[in-house]
Each structure stands twice: as C-alpha cells, then as structure tokens.
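For reference, the chains in residue letters:
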Amino acid sequence: MFESLGRGEPEDWLFPSNKRNGPLTQQAVAARMARWGREANVRLHPHRCRHTHATHAIRRGVDVFTLSATLGHSSTGTTSHYILAEPGESSSLKLG
C-alpha cells in the first residue's frame, strides 16, 4: 500500500520508520492513524482515506478510469465501490 509510494532512499518514504531501514509497515501506519483519530475524536484509518480520496477525485471531475489506475485497481468495478453516493445528486432527481 504505502510502501509503493516511495521506492528509493529512506528519506523518500512517505512514512519512514525510525526503527528499521525502510517504511513503516501497513499495520504501523494503521495504528498511528487510529491513534491520531482517537486524539481528534474521529474514526481514521488508511482505507477511509482511500474512500475520501476517491470521493473527492470524482467530485472534481476525475474519470473512473484514471481513478482506478491511481488506486491500483484492475477493474473500474472495484473502484466504483469507493465512490460514495450523494442523495442530492441522484439521477432520478435530475430526470424530473
């Protein structure tokens, strides 16, 4: 997941580990995010960030094919599960 974002020198890692050479593990990132969330009184975890990124990208006009590639999905069907429906944007409301 996050490891693929930084391949290179330790200072290039998005979440560098101060205990080993390389990035934090996925579990360490999730634990750290959960702790930050508790401190802010919100539920925070890496997967929720993926949902948020996908939702904001679609709202800003990113097409599902580009988003699918960005998220590393082999199918746009998988990507569509990340997109949160907005009740006020229902196609039935736009049909009249």
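So, here is what we can say about the structure in this document. Here the residue numbers are simple positions, counted from 1 along each chain's written sequence. Thresholds applied to this predicted model are a pLDDT of at least 70 for local features of residues and 80 or more for the giving and counting of side-chain atom pairs; totals over whole chains, interfaces and linings are not thresholded and use all residues. Only hydrogens and water are set aside when side-chain values are computed; all heavy atoms of the structure are taken into account.

So, about helix H3 (residues 64-71). Accessible area is worked out with a 1.4 Å probe on protein chains only. A residue is then buried under 20% of its type maximum, exposed over 50%, and partly exposed in between. Numbering of helices and strands runs from the N terminus, with a helix taken as a DSSP run of H or I at least four residues long and a strand as a DSSP run of E at least two residues long. Within the sequence span of H3, burial applies to Leu67, Ser68 and Leu71. Down the axis of H3, the smallest arc covering the buried residues is 105 degrees, so these residues share one side. Residues of H3 that are exposed and point more than 90 degrees away from the buried face comprise Phe65, Ala69 and Thr70. Contact between two residues is taken to exist if any of their heavy atoms lie within 4.5 Å; hydrogens are not considered. For H3, the elements touching its buried residues are helix H2 (46-59) and helix H4 (76-80). Residues adjacent in sequence count toward polar contacts only when both atoms are side-chain atoms; beyond that, a polar contact is any pair of N or O atoms within 3.5 Å, and within protein one must be able to donate a hydrogen and the other to accept it. Capping the start of H3 is the job of one residue whose side-chain oxygen sits 3.0 Å from the backbone nitrogen of Phe65: Asp63. By definition, the arc is the one covered by directions from the helix axis to the C-beta atoms.

A positive phi angle, near 60 degrees, is found at Asn41, a position not held by glycine. Position of Asn41 relative to the elements: it lies in the loop between helix H1 (26-40) and H2. Judged by relative accessible area, which is 71%, Asn41 ranks as exposed.

Turning our eyes to something else, we now look at H1. With 15 residues, H1 ought to run about 21 Å at 1.5 Å a step, and its terminal C-alpha atoms sit 21 Å apart, in line with that. Of all the residues in H1, the buried ones are Val29, Met33 and Gly37. On an axial view of H1, the arc spanned by its buried residues comes to 70 degrees, and they lie on one face. For H1, the exposed residues lying more than 90 degrees away from the buried face are Gln27, Arg38 and Glu39. Where H1 is buried, its residues meet H2. Trailing H1 by a residue or two, Asn41 shows a phi angle of about 60 degrees, which is positive. What a helix is expected to span follows from its residue count: subtract one and scale by 1.5 Å.

Limitation: the analysis is restricted to geometry and does not speak to function.
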